[in-house]
Amino acid sequence: MYDAYHAYAQFSDQIRRAAASNERIMSVWGANGAAYPLRCILAYHELIGLAGFTHRRPDYGVTEVVADSGETVPVSETPVLSTPFCSLLRFSRQNGAGDPRVLLVAPMSGHFATLLRGTIRTLLRDHEVYVTDWRNPRDIALADGVFELDDFIQHIVDFVKFMGPQSHVVAVCQPTVPALAAVAAMAQDNDPDQPASLTLMAGPIDARISPTKVNEFATSKPLDWFQRNMIATTPLGLPGAGRRVYPGFLQLAAFMSMNADRHQKAFADLFKHRIEGDSAKADQIRSFYEEYFAVMDLDAAFYLQTIETVFQKFALPEGTLLFKGRPIVPRAIKKTFLLTVEGERDDICAIGQTLAAQDLCSGLRPYMKSHHMQAGVGHYGVFNGKRWDHQVYPVVRDHIRNSI
């Protein structure tokens, strides 16, 4: 499967690169107000150049941030810790010394952590932000071993300990489960570096609640079906050749099929805006898909364990989740303030799935737990966009402030 995709991708990449090159050349030719026929040709070439997946992480592009005062301040991006599977990146704004330290745990679900650049940019207004920059498994040599759910949890524990006491954890989507498990494990060990706060956003803490299409698909087949049909081997010629993975192109194709009409309309709108000369709207659509089409594989071990543990056995809410052979006990958390955030129209993680963490963390006093349901947003809108900026983020910011 992966060999066939890789061969097709290499062939189609040549066509897309040619189309993108033609677009650049003709854009220069018609730079001073291109005629309508030329705008159509440019728009066609743009669509062809855009319509394909890439497998390299885009740049974050977070070089400055607008503070609450309205002042634009520079931002530095620094790798501070590295493993074969992940780099811990620190984003800090100028004159931001003393800002609360936030670990933003990015999903490992088919996209790169750059999908959260809007989340990072907003958090930087008031915080020093550390991001889990996961590497694409197809670029990781077999000699570095496999990546399992235990490894994900351990990475979070290690990163929190690196950041030190009174840090804060914000987990988006899939990593809400390992993030809660990591904080629980630290609480069970009475670790002095337990985070001051934990924010879980739009994640499948209890996927039994109001199952979505994603949840139903995961329970519709036995685990060995996923192993036979969804796992492939990284092709020869790539750094991770021979590694067993769940290909990112399958994940993205599945997500796109859930909203095929929406994506078709977006490409039609891109063409329409471009030929009408509305560059701002066209550029916005293009920027989204340049990021959305950058796909990352998942190590097969991690993918299969996540399917089984989170979506089939519901191990965390059932009390059977293990970390390195020992049970995870969320009620052991007593020092970390908890915030859960959900979106009203989320078709990936339905309302109630993230809220379930509140009951699991029964060891926390009531004033240490809070919940926010954001009206009018889907999954992506929980952590990106105008409502995230103006309605969700103030809740997250105050949660962090109140836990210090």
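Just so it is clear, the structure is predicted and the values come from calculations on it, not from any experiment.

Let's hear about the overall build of the protein chain: which residues, and what values?
Of regular secondary structure, the protein chain possesses 14 helices and 14 strands. Relative to the compact-globule value of 22 Å for 404 residues, the protein chain shows a C-alpha radius of gyration of 22 Å, a close match. Taking the principal axes of its C-alpha atoms as reference, the protein chain extends roughly 65 × 55 × 40 Å. The buried share of the protein chain, reckoned over its 404 residues, is 55%. Considering only contacts in the protein chain between residues 6 or more positions apart, those separated by 24 or more positions represent 78%. Accessible area for the protein chain stands at about 17,800 Å²; split by element, carbon and sulfur atoms hold 54% of it. Where the 40 positive side-chain charges of the protein chain centre and where its 43 negative ones centre are 1 Å apart.

Which residues make up the packing of aromatic side chains, and what values go with them?
Evaluation of the coordinates by the stated rule reveals 23 aromatic pairs. For the pair F217 and W225, a centre-to-centre distance of 5.9 Å together with 85 degrees between the ring planes defines the contact as edge-to-face. For F217, a relative accessible area of 38% translates into the label partly exposed. A ring pair is formed by Y292 and F293, whose centres lie 6.3 Å apart and whose planes are at 40 degrees; its orientation type is tilted. For Y292, a relative accessible area of 12% corresponds to the buried category.

Tell me what's going on with unusual backbone geometry, and back it up with residues and numbers.
Within the chain, N95 stands out as a residue other than glycine whose phi angle is a positive 65 degrees. Among the structural elements, N95 can be located in the loop between β3 (86–93) and β4 (101–105). We classify N95 as exposed; its relative accessible area is 70%. Not every positive phi belongs to a glycine, and A202 is a case in point at roughly 50 degrees.

An account of the pattern of salt bridges is needed here, citing residue identities and associated values.
One pass over the structure, following the stated rule, counts 19 salt bridges. Residues R93 and D99 are paired through a salt bridge, measuring 3.2 Å at the closest nitrogen-oxygen approach. When sorted by exposure, R93 lands in the same class as D99, which is buried. For R208, the salt bridge goes to D206, with nearest N and O atoms at 2.9 Å. A relative accessible area of 35% places R208 in the partly exposed class. For D206, a relative accessible area of 7% corresponds to the buried category. In this structure, a network of salt bridges that share partners links the residues K161, D191 and D193.

Describe the nonpolar core, naming the residues involved and giving the relevant values.
F91, L103 and L180 are the most contacted members of the largest nonpolar core, which has 97 residues in total. Here the element with the most residues in this core is helix α5 (residues 176–188); it accounts for 10 residues. Non-local contacts of L180, meaning those with residues more than four positions away in its chain, are made with L198, L200, I205, L316, I333, A357, L360 and C361. Judged by nonpolar contacts, the second largest core, of 20 residues, contains F267, L270, A282 and Y292.

Break down the environment of H263 for me, citing the residues and quoting the values.
Residue position: H263 is located in helix α9 (residues 260–275). Through-space distance from the C-alpha of H263 to that of P84 is 34 Å; in sequence the pair is 179 residues apart. In this structure, H263 is in contact with M256, Y289 and Y292, ignoring residues within four places of it in sequence.

Hey, could you go over the packing of helix α6 (residues 213–220) against helix α11 (residues 300–312) for me, with residue numbers and the actual values?
It is the contact of α6 with α11, at a shortest axis distance of 10 Å, that shows an interaxial angle of 110 degrees. It follows that α6 is roughly perpendicular to α11 by the angle criterion. In the packing of α6 onto α11, the handedness of the crossing is left-handed. From α6, N215, A218 and T219 reach across to α11, where they touch I307, F311 and Q312. Residue composition of the contact of α6 with α11, grouped by class: three nonpolar, three polar and no charged.

Which residues make up the layout of surface pockets, and what values do they have?
Approximately 410 Å³ is the volume attributed to the second largest pocket. Together, 15 residues line the second largest pocket, and R16, A20, G49, T54 and E290 are the ones closest to its centre. When contributions to the lining of the second largest pocket are tallied by element, the ones reaching two or more residues are α1 (2–29), α2 (36–50) and α10 (279–292). Looking at the lining of the second largest pocket, the element that brings in the most residues is α1, giving six residues. Looking at side-chain class alone, the lining of the second largest pocket contains four nonpolar, three polar and eight charged residues.

Requested: an account of the environment of L338, with residues and values cited.
With respect to the helices and strands, the residue L338 is situated in strand β13 (residues 337–343). According to the relative accessible area criterion, L338 is buried, its value standing at 1%. In this structure, the C-alpha to C-alpha distance between L338 and M368, residues 30 residues apart in sequence, is 6.2 Å. Residues contacting L338, with those up to four places away along its chain left out, are L198, L200, A357, Q358, C361, L364, M368, K369, S370 and H399.

Explain α5 to me, using residue names and the numbers behind them.
Along an α-helix, residues three or four apart share an orientation, since each turn contains 3.6 residues. The end-to-end C-alpha distance of α5 is 18 Å, a good match for the 18 Å that 13 residues give at a rise of 1.5 Å each. Of all 13 residues in α5, 12 are buried; the element is thus mostly enclosed. Three or more residues of α5 are buried, namely T176, V177, P178, A179, L180, A181, A182, V183, A184, A185, M186 and A187. Following α5 by one or two positions, N190 adopts a phi angle in the positive range, close to 50 degrees.

Reading the values: rules and limits
Residues numbered from 1 in each chain as written. Predicted model: local features only at pLDDT ≥ 70, side-chain atom pairs only at ≥ 80, totals over all residues. Heavy atoms only, no water. Helix = DSSP H or I, 4+ residues; strand = E, 2+ residues; numbered from the N terminus. Rg over C-alpha atoms; globule rule 2.2 N^0.38 Å. Buried < 20%, exposed > 50% of the residue type's maximum accessible area, 1.4 Å probe, protein only. Contact = heavy atoms within 4.5 Å. Areas by Shrake-Rupley, 256 points an atom, 1.4 Å probe, with all protein chains shown as cover. Lys, Arg positive; Asp, Glu negative; His and termini not counted. Charge placed at Lys NZ, Arg CZ, Asp CG, Glu CD. Phe/Tyr/Trp six-rings, centres within 6.5 Å; stacked < 30°, edge-to-face > 60°. Salt bridge = Lys/Arg side-chain N within 4 Å of Asp/Glu carboxyl O. Core = buried A, V, L, I, M, F, W, Y, C linked by side-chain atoms within 4.5 Å. Axes fitted to C-alpha atoms, helices over the stretch in contact; angles between N-to-C directions. Parallel < 35°, antiparallel > 145°, perpendicular 65-115°, else oblique. Left-handed = near helix turned anticlockwise from the far one by under 90°. Nonpolar A, V, L, I, M, F, W, Y, C, P; charged D, E, K, R; others polar. 1 Å grid on protein atoms, 1.4 Å probe; cavity = no way out; pocket = protein on both sides within 12 Å on 5 of 7 lines; lining within 4 Å. Points joined across faces, edges and corners; volume = space filled by probe spheres on them. Expected span 1.5 Å × (residues − 1).

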